[in-house]
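# Structural characterization, general
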Amino acid sequence: MTRIDRPFRPWRSRFGRRSVRTVATACALLTTLTACSADGGSASHSGASAKRPAKRAPVWRTDPGSIAALGDSITVGFDACTVLSDCPEVSWATGTDPKVDSLARRLVTHPATHSWNFAKTGALMSDLPDQIAAAADRKPELVTILIGANDACRHDVGTMTPKAAFRTDFARSMTYLRRALPHTQVYVAAVPDLLRLWSEGRKNPLGKQVWKLGICGSMLRDPDDLTKAAQDRRAKVRDRVQAYNAALAEVCGKDPLCRFDGSVFDYRFTGRQLSTWDWFHPGTGGQKELAELAFRAITRPQR
């Protein structure tokens, strides 16, 4: 008998269709858990199905329950009440004097127990981390920062804090603050316009005599000297202040719970807002204006 060979049929021809149908059914049942590839394997998640819901941006509160003030002589009210002395009771940030109506009085229900002033006369930007460390123990809901004038107010323009160093110090300070106080809001005021301080203060003969003691030599030295060299020197100081403010705005702008207020530089104050002791620091009237500017910025609704 002659053997008749049957055509060879591969295994897939017998069982392939049934296997494909089985895999397809399994895939349909498991689509909520995984995705199947064309050959019955498992494919990784991709596209929209792999994305997690976006986190909501932090919400700025216009009614913080506590305040810690950081900064320099401006924030401790230096020369606002008596000569060569701090006067924190008239501080724009935490003062108790009703004539100033400080932020603490306007915003905090119990300012006597829920506001603290850690600013220091003569402080530079490089001193800010120490103030942050002191404030962190209180866990304030709002921190105010007004610092930088002393970095520009040096003996001469050559000793002013370099722009890059100022920015680095502030960025480092903000990183430290955010690690210590992750949910605290931060209000950063611009460095005031020192050229306008010179322009207004020099109108008072007594003020110019006080300036000879060495106040802010880079800007106020020889106040009546209107030569090109003197004007160029003052212009360099103003340019440096503007560079400081640009750094403050840039670093603060990267933090959703930080607000930079440029109005402190832009404010057109007059001699009436200056201390009658040195015609340089804010007097009680100047502290009141600073409090008003800060209040507007802090209570502005979030956009």
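Values in this document were obtained by computation on a predicted structure and should not be read as measured data.

### A look at the state of the cysteines
- The final tally for this structure, using the stated rule, is 3 disulfides.
- Across a sulfur-sulfur distance of 2.1 Å, Cys153 and Cys216 are joined as a disulfide pair. Disulfide Cys153-Cys216: torsion about the S-S bond near -80 degrees, hence left-handed. Taken together, the positions of Cys153 in the loop between helix H5 (149–152) and helix H6 (163–180) and Cys216 in the loop between helix H8 (205–211) and helix H9 (217–220) put the pair 63 residues apart, joining distant regions of the chain.
- On the basis of relative accessible area, Cys153 is assigned to the buried category, the value being 13%.
- Across the disulfide from Cys252 sits Cys258; the S-S distance is 2.0 Å. Residues Cys252 and Cys258 share a disulfide whose torsion about the S-S bond is about -115 degrees; that sign makes it left-handed. In this pair, the class of Cys252 matches that of Cys258, namely buried.

### As for the nonpolar core
- By size, the foremost hydrophobic cluster in this structure holds 69 residues, and its most contacted members are Trp92, Ile145, Phe170, Tyr187, Leu194 and Phe280.
- With 7 residues, helix H10 (residues 228–253) is the single largest residue contributor to this core.
- Sequence-distant contacts of Trp92, defined by excluding residues within four places in its chain, comprise Ile74, Thr75, Val100, Ser102, Leu103, Thr144, Leu146, Tyr187, Gln287, Leu290, Ala291 and Ala294.

### Brief notes about the pattern of salt bridges
- The full count for this structure, using the stated rule, is 17 salt bridges.
- Between Arg196 and Glu200 there is a salt bridge whose closest N-O contact spans 3.7 Å. Of the two residues, Arg196 and Glu200 both sit in helix H7 (residues 194–201), 4 residues apart, roughly one turn of that helix.
- A relative accessible area of 14% places Arg196 in the buried class.
- Here Glu200 falls in the buried class, since its relative accessible area comes to 11%.
- Its salt-bridge partner being Glu200, residue Lys203 comes within 3.3 Å of it at the nearest N-O pair.
- Take Lys203: its relative accessible area is 60%, and that puts it in the exposed class.
- In the salt-bridge network here, residues are joined through shared partners; they are Asp101, Arg105, Arg106, Glu292 and Arg296.

### Describing H6
- Taking 1.5 Å of rise per residue, the 18 residues of H6 would be expected to cover 26 Å, and the 26 Å separating its terminal C-alpha atoms lies within 8% of that figure.
- Among all positions in H6, only Phe166, Asp169, Phe170, Ser173, Met174, Leu177 and Arg178 are buried. Seen end-on, H6 carries its buried residues on one side only, within an arc spanning 165 degrees. Turned more than 90 degrees away from the buried face of H6, the exposed residues are Ala164 and Arg179.
- Those residues of H6 hidden inside the fold are in contact with helix H4 (128–136), strand E5 (142–146), H5, strand E6 (185–189), H10 and strand E7 (258–261).

### Overview of the packing of H4 against H6
- At their nearest, the axes of H4 and H6 sit 9 Å apart, and the two run at 10 degrees to each other. By the angle between their axes, H4 is roughly parallel relative to H6. Where H4 crosses over H6, the handedness of that crossing is right-handed. Taking contact as the criterion, the partners of Leu128, Pro129, Ile132, Ala133 and Ala136 in H4 are, on H6, Phe170, Ser173, Tyr176, Leu177 and Ala180.
- Of the residues in the contact of H4 with H6, the class split is 9 nonpolar, 1 polar and no charged.

### As for the pairing of E6
- Burial runs high along E6: 5 of the 5 residues are buried.
- Burial of the side chains of E6 extends over both faces: Gln185, Tyr187 and Ala189 are buried on one face and Val186 and Val188 on the other.
- Taken together, the 4 bridges between E5 and E6 define a ladder with parallel strand orientation. Bridging from a neighbouring strand, Ile145 pairs with Val188 of E6.
- In this structure, E6 lies alongside E7, joined through 4 bridges in parallel fashion. Looking across to E7, one finds that Val188 is bridged to Phe260.

Reading the values: the criteria
Residues numbered from 1 in each chain as written. Predicted model: local features only at pLDDT ≥ 70, side-chain atom pairs only at ≥ 80, totals over all residues. Heavy atoms only, no water. Disulfide = S-S within 2.5 Å. Helix = DSSP H or I, 4+ residues; strand = E, 2+ residues; numbered from the N terminus. Buried < 20%, exposed > 50% of the residue type's maximum accessible area, 1.4 Å probe, protein only. Core = buried A, V, L, I, M, F, W, Y, C linked by side-chain atoms within 4.5 Å. Contact = heavy atoms within 4.5 Å. Salt bridge = Lys/Arg side-chain N within 4 Å of Asp/Glu carboxyl O. Expected span 1.5 Å × (residues − 1). Arc of directions from axis to C-beta. Axes fitted to C-alpha atoms, helices over the stretch in contact; angles between N-to-C directions. Parallel < 35°, antiparallel > 145°, perpendicular 65-115°, else oblique. Left-handed = near helix turned anticlockwise from the far one by under 90°. Nonpolar A, V, L, I, M, F, W, Y, C, P; charged D, E, K, R; others polar. Pairing = 2+ DSSP bridges.

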